[in-house]
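Observations on the three-dimensional arrangement
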Amino acid sequence: MRLRSHTKKILETEYDQRKEQPSNAAYESEDQKIYLEDQNLDTEDMDGGEHMDEDEHKDGDEHENGGSNLKSDLKKDEIVKPLTLQKLAEFEKEQNKTGLVYLSRIPPFMKPAKIKHLLSKFGEVGRIYLAPEDPKIKARRVKYKRNRKQNYTEGWVEFMDKKVAKNVAAALNAQPIGGNKRDFYHDDLWNIKYLPKFKWNNLTEQIVYENRERTHRLQAEISKSRREIKDYIKKVEKSKMIRNIEQKKAKRMVVENETLS
């Protein structure tokens, strides 16, 4: 700062001395420009230093605020407690009490909510999974019959008590759904079977396994089709080469015959 003030004073004195001496207007204008540029540079340097200090203060405040926000977030987050052996045993007991029934046929366009409503009369129903129909069949139905409703092919229903599941499967199998006579599903038959020693976890594992098998099958078919396409392209190229060679040979034979004749 002292050096800047000292240089500023020297420039001012030089400017005054040049003013007193006779000189051309062009030189005076040039000196004024140089003096003003130097003065602007000094003021810009001063302003730049002040802005840097302000930015540093802002950064410091932001860091402090960020630290406080992190602390508050850590306080707000709930600590996840580890699963104890007692809770795990209780969960296994609850799962062992449940029972699954298999529906080999779902009435047309019956929804999971309807199945739960019909079966919950006999006992507490847990989870329900219905397998949707093939997308190609649905697309064909939408195209020709203009019916966009979702149809299901088979399903699994979980009862919270396995005894209830056994009794429901034994009582309702091959029996009409019944209910109100005006109901759409009044004359449809139940196709229920109890699955012993089969739990919901086994069902999810089976679904995952089937999906993996399907993806592997698709990948194998795609790789097979690619190989067939490559072989076909190679054969086409080979046939073109053989055809060109035969055409060249035929041309040579014609030329030779003409020369001999």
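Naming follows an unreviewed UniProt entry, where the protein chain appears as 18S rRNA factor 2 of Gigaspora margarita. Under the Sequence similarities (unreviewed entry) heading, UniProt states for the protein chain: "Belongs to the ESF2/ABP1 family." Taken verbatim from the UniProt record of the protein chain, the Subcellular location (unreviewed entry) comment is "Nucleus, Nucleolus".

On a plain count of helices and strands, the protein chain comes out with seven helices and four strands. The linear arrangement of helices and strands in the protein chain, starting from the amino end, is α-α-α-β-α-β-α-β-α-β-α. Buried positions account for 17% of the 261 residues belonging to the protein chain. Sequence separation of at least 24 residues holds for 69% of the intrachain contacts in the protein chain that already meet a minimum separation of 6. Here the protein chain displays about 21900 Å² of accessible surface, and carbon together with sulfur accounts for 54% of that area.

In this model, the protein chain carries an average pLDDT of 76, and 69% of its residues clear a pLDDT of 70 or more. Scored below 50 in pLDDT, residues 21–31 shows three contacts in the model against residues more than four places distant or in partner chains. Here residues 41–71 scores under 50 on pLDDT; set against residues more than four positions off or in separate chains, the count is three contacts.

So, on to unusual backbone geometry. Even without glycine at this site, F109 takes up a positive phi of about 65°. Among the secondary structure elements, F109 is positioned in the loop between β1 (99–103) and α4 (112–119). Even without being a glycine, R146 presents a positive backbone phi close to 60°. You can see R146 is positioned in the loop between α5 (135–144) and β3 (152–159). Taking the relative accessible area as the measure of exposure, R146 reaches 75% and is therefore exposed.

Moving on to the pattern of salt bridges. All chains considered together, the criterion is met by four salt bridges. The partner of R105 in a salt bridge is D188, with the nearest N and O atoms 3.7 Å apart. Residue R105 is found in the loop between β1 and α4, and its partner D188 is found in the loop between α6 (162–172) and β4 (192–195); the two are separated by 83 residues along the sequence. With relative accessibility at 36%, the residue R105 sits in the partly exposed group. Where R127 meets E158, a salt bridge forms, and the shortest distance between an N and an O atom there is 3.0 Å. Separated by 31 residues along the polypeptide, R127 in strand β2 (residues 125–132) and E158 in strand β3 bring together distant segments of the chain.

Soluble globular proteins: nonpolar side chains tend toward being buried together. With 21 residues, the main nonpolar core has V101, I115, L119, V157, F159, W190 and I192 as its most contacted residues. Mapped onto this core, the elements with two or more residues apiece are β1, α4, β2, β3, α6 and β4. Considering every element that reaches this core, the biggest residue donor is α6, with four residues. Apart from residues lying up to four places away in sequence, I115 is in contact with L103, I106, M110, L130 and V157. Formed by six residues, the second largest nonpolar core is a distinct cluster that contains L100, F198, W200 and L203.

Summed over the entire model, instances satisfying the criterion amount to three aromatic pairs. Between Y102 and W156, the aromatic rings sit 5.3 Å apart at their centres with planes inclined by 50°, giving tilted as the arrangement. Within this pair, whereas Y102 is found in strand β1, its partner W156 is found in strand β3, the two being separated by 54 residues in sequence. Overall, the relative accessible area of 21% leaves Y102 in the partly exposed class. A relative accessible area of 10% places W156 in the buried class.

Calculation criteria
- Residues numbered from 1 in each chain as written.
- Predicted model: local features only at pLDDT ≥ 70, side-chain atom pairs only at ≥ 80, totals over all residues.
- Heavy atoms only, no water.
- UniProt positions renumbered as here; feature names shortened; annotations may be inferred.
- Helix = DSSP H or I, 4+ residues; strand = E, 2+ residues; numbered from the N terminus.
- Buried < 20%, exposed > 50% of the residue type's maximum accessible area, 1.4 Å probe, protein only.
- Contact = heavy atoms within 4.5 Å.
- Areas by Shrake-Rupley, 256 points an atom, 1.4 Å probe, with all protein chains shown as cover.
- pLDDT = per-residue confidence, 0-100.
- Salt bridge = Lys/Arg side-chain N within 4 Å of Asp/Glu carboxyl O.
- Core = buried A, V, L, I, M, F, W, Y, C linked by side-chain atoms within 4.5 Å.
- Phe/Tyr/Trp six-rings, centres within 6.5 Å; stacked < 30°, edge-to-face > 60°.

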